[in-house]
Amino acid sequence: LLETEKHLDKPAVAVYYYCYRSLTQSDEESFFRKFKSLLLANAHLFPVREKRDLYLLATNYCIKKMNAGERQYAREGLDIYKDALQKEVLFVNGSLSRFTFFNIITKGLVCEEFDWIEDFISTHQHSLEAKHRAASASYSMARLEYHRGDHVAALQLLQKADYEDLLQNLQAKAIMAKIFFESEDIEVLLSHLDAMEQFIRRRKVIGYHQELFRNFILLLKKRIEIPDFEKEKLRLLKKEIEEVKAVAERRWLLEQV
């Protein structure tokens with residue numbers, strides 16, 4: 001009806017139409033491009049809550065694309081988040097969700113906008129819920145320092161923090177494992193991976209996250225056991241990493257083989 005009777009000249013209608021098309025035909029990128037451009041140009045036409053939902057739908061589209069390996073959508077998502085921050089769309093009663101906070105940082109890291117991320121953490125950590133503020137800020141700064149290549153600063157931040165959130169705790173431990181491997185501190189790494197495995201068992205991490213991090217530990221231990229000159233064994237391990245259904249830090253593991 002919209003297409004045949006030409007209602008798409010109305011921006012509010014067009015935004016929802018192209019949003020719907022983006023979500024139901026995600027492989028057709030032109031729908032998302034239209035949705036994004038219309039939303040950013042016409043956000044002022046919507047009530048605050050509606051506006052926030054539309055921005056989150058747009059960023060979730062980018063997250064799904066990134067999870068499917070299309071890393072160029074980090075830039076698309078970061079552009080949307082920057083616009084939303086400027087228009088103060090993402091805040092609820094002055095607070096910013098820590099999950100949105102982490103998603104913004106993830107996209108910024110992929111885009112290597114390190115100075116912008118540091119400024120974002122400094123400016124917006126005070127908008128996080130008080131009980132999560134310190135841990136979220138230190139974890140985010142640790143991720144930033146790791147990507148900058150400052151392993152010492154990253155480790156200091158990770159080792160000082162006490163993460164009550166189970167998933168955040170595991171993600172922090174995975175970063176520490178990556179640092180130990182890249183620093184060729186293999187004895188410390190093996191001890192760390194054993195402790196990480198015990199942590200998963202003791203805390204009764206269940207379901208998908210248990211599988212993600214157990215596979216990370218298993219595959220990293222396999223990589224440690226293979227000398228760099230054993231090209232055929234590395235090729236087989238690469239194939240295993242690619243084919244395993246769920247594993248944390250898949251991209252990084254592939255880089256190590």
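Cut-offs and rules
Residues numbered from 1 in each chain as written. Predicted model: local features only at pLDDT ≥ 70, side-chain atom pairs only at ≥ 80, totals over all residues. Heavy atoms only, no water. Helix = DSSP H or I, 4+ residues; strand = E, 2+ residues; numbered from the N terminus. Buried < 20%, exposed > 50% of the residue type's maximum accessible area, 1.4 Å probe, protein only. Contact = heavy atoms within 4.5 Å. Expected span 1.5 Å × (residues − 1). Polar contact = N/O pair within 3.5 Å; in protein donor to acceptor, adjacent residues only side chain to side chain. 1 Å grid on protein atoms, 1.4 Å probe; cavity = no way out; pocket = protein on both sides within 12 Å on 5 of 7 lines; lining within 4 Å. Points joined across faces, edges and corners; volume = space filled by probe spheres on them.

Asks: I keep staring at the environment of S95 and nothing clicks. Help me out?
Replies: Its place among the elements puts S95 in the loop between α5 (73-86) and α6 (98-110). Judged by its relative accessible area of 34%, S95 falls in the partly exposed class. Those residues in contact with S95 that lie beyond four places of it in its chain are L90 and S127.

Asks: Is there a simple way to think about α6 in this case?
Replies: In an α-helix, one full turn covers 3.6 residues, which means residues spaced three or four apart are oriented alike. Taking 1.5 Å of rise per residue, the 13 residues of α6 would be expected to cover 18 Å, and the 18 Å separating its terminal C-alpha atoms lies within 8% of that figure. R98, T100, F101, F102, I104, I105, K107, G108 and L109 are the residues of α6 that are buried. Against α4 (48-67), α5, α7 (114-124), α8 (130-148) and α10 (166-182) lie the buried residues of α6. Between the side-chain oxygen at the start of α6 and the backbone nitrogen of F99 there is a gap of 3.1 Å, and the oxygen is on S97. Phi turns positive one or two residues past the end of α6, at E112, with a value near 60°.

Asks: In this structure, what is going on with α10? I would like to understand it.
Replies: Its 17 residues give α10 an end-to-end C-alpha distance of 25 Å, which sits within 8% of 24 Å, the value for a rise of 1.5 Å per residue. Most of α10 sits inside the fold, with twelve of its 17 residues counted as buried. For α10, the complete set of buried residues consists of Q168, N169, L170, A172, A174, I175, M176, A177, K178, I179, F180 and F181. Positive phi shows up at E184, right after α10, with a value of about 60°.

Asks: In this structure, what is going on with the layout of surface pockets? I would like to understand it.
Replies: Over the atoms, a rolling probe the size of a water molecule traces out where space has been left empty. Reported here for the largest pocket is a volume of approximately 1,900 Å³. Along the wall of the largest pocket there are 41 residues; nearest its centre are N67, R71, T106, R143 and E249. For the lining of the largest pocket, the elements supplying multiple residues, two or more each, are α4, α6, α8, α10, α12 (207-225) and α14 (250-256). The dominant element in the lining of the largest pocket, judged by the number of residues it contributes, is α6, at eight residues.

Just distances and angles here, no functional claims.
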